[in-house]
Amino acid sequence: MIQRTVAYARREDLDRVNQLRAQVSALHAQGRPDIFRPDFSPQLRDYVYEVFDSPDSDVVVVREDGVICGFAMVEYIRRPLSPYNLARSFYHIEEFGVDPAFRRRGHASALMDFCRREARRMGYPHVELDMWEFNQSALRFYEAQGFRTIRRYMELDV
């Protein structure tokens, strides 16, 4: 029986988180090579430390038998009243991924449950995320978790 834990990352976890982020980055570069860089740049690698150090974001990890097998990078968004929108706040999942070697074991669901509980504990009315349309397996997962589409961002080649 596997032992799973989900918790906020420690600084020493971030190298492994970056290994997982590199997998997600490669998936994006493969899905949209016209948009995403094929390398995991130093700036992208360093970004996890900015998220970790910011009071407005966190890094969450899921472990299987002590091995980090998935992560979420989350932001705490507070938007003021604007000419277009009412003031609002939400818990935003900026990046999310599970190592392919550990998929289909409930780790992504456990990560999402943790994020949902934390959003509720912090007083956010909902969790938001965005994803790329080519990633149909992610779409199926998010929909199975109860996410619904609230906006579409479209493109037209000319």
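Residues numbered from 1 in each chain as written. Predicted model: local features only at pLDDT ≥ 70, side-chain atom pairs only at ≥ 80, totals over all residues. Heavy atoms only, no water.

Novice: Even after reading the chapter, I still don't get the environment of Glu 94, so can you show me in this structure?
Specialist: Relative to the elements of secondary structure, Glu 94 occurs in strand β4 (residues 88–98). Using a relative accessible area of 28% as the deciding quantity, one classes Glu 94 as partly exposed. Sequence spacing of Glu 94 and Asp 113 is 19 residues, and the spatial spacing of their C-alpha atoms is 16 Å. With sequence-adjacent residues up to four places away left out, Glu 94 is seen in contact with Tyr 47, Val 51, Met 73, Val 74 and Glu 75. Within the local environment of Glu 94, its side chain forms a polar contact with the side chain of Tyr 47, the two groups lying 2.8 Å apart. (Helix = DSSP H or I, 4+ residues; strand = E, 2+ residues; numbered from the N terminus. Buried < 20%, exposed > 50% of the residue type's maximum accessible area, 1.4 Å probe, protein only. Contact = heavy atoms within 4.5 Å. Polar contact = N/O pair within 3.5 Å; in protein donor to acceptor, adjacent residues only side chain to side chain.)

Novice: What am I meant to see in the sheet that holds strand β1 (residues 4–8) here?
Specialist: Sheet strands associate in pairs through backbone hydrogen bonding, adopting either a parallel or an antiparallel arrangement. Strand order in this open sheet of five strands is β1-β2-β3-β4-β5, and the pairing throughout is mixed. Only two strands of the sheet have a single neighbouring strand rather than two, namely β1 and β5 (127–129). Across this sheet, the average inter-strand angle for adjacent strands is 30°, counted without regard to direction. Two elements, β1 and strand β2 (residues 57–64), share five bridges in a ladder whose sense is antiparallel. What sits directly across from Arg 4, in β2, is Glu 64. This element, helix α1 (residues 14–31), spans β2, β3 (67–79) and β4 of the sheet and lies at about 85° to β3. Along the sheet, helix α3 (residues 107–122) makes contact with β1, β2, β3, β4 and β5, crossing β4 at roughly 160°. (Pairing = 2+ DSSP bridges. Axes fitted to C-alpha atoms, helices over the stretch in contact; angles between N-to-C directions.)

Novice: Hey, could you run me through the layout of surface pockets in this one?
Specialist: A probe matching the size of a water molecule, rolled over the atoms, marks out where space remains unfilled. The computed volume of the largest pocket comes to approximately 1,500 Å³. Contributing to the lining of the largest pocket are 38 residues, with Leu 129, Asp 130, Met 131, Ile 150 and Arg 151 lying nearest its centre. Secondary structure elements with two or more residues in the lining of the largest pocket: β3, β4, α3, β5 and α4 (136–144). Partitioning the lining of the largest pocket into residue classes produces 19 nonpolar, five polar and 14 charged. Val 24, Phe 96, Gly 97, Asn 135 and Tyr 142 are, among the 40 residues lining the second largest pocket, the residues nearest its centre. When residues of the lining of the second largest pocket are traced back to their parent elements, those giving at least two are α1, β4, α3 and α4. The element best represented in the lining of the second largest pocket is β4, accounting for seven residues. (1 Å grid on protein atoms, 1.4 Å probe; cavity = no way out; pocket = protein on both sides within 12 Å on 5 of 7 lines; lining within 4 Å. Points joined across faces, edges and corners; volume = space filled by probe spheres on them. Nonpolar A, V, L, I, M, F, W, Y, C, P; charged D, E, K, R; others polar.)

Novice: Would you mind showing me how to read α1 here?
Specialist: One turn of an α-helix holds 3.6 residues; hence residues three or four places apart share an orientation. The terminal C-alpha atoms of α1 lie 25 Å apart, and with 18 residues this matches the ideal 26 Å at 1.5 Å per residue to within 8%. Residues Leu 14, Val 17, Asn 18, Leu 20, Arg 21, Val 24, Ser 25, His 28 and Ala 29 constitute the buried set of α1. Among the structural elements, α2 (42–53), β2, β3 and β4 are those in contact with the buried residues of α1. (Expected span 1.5 Å × (residues − 1).)

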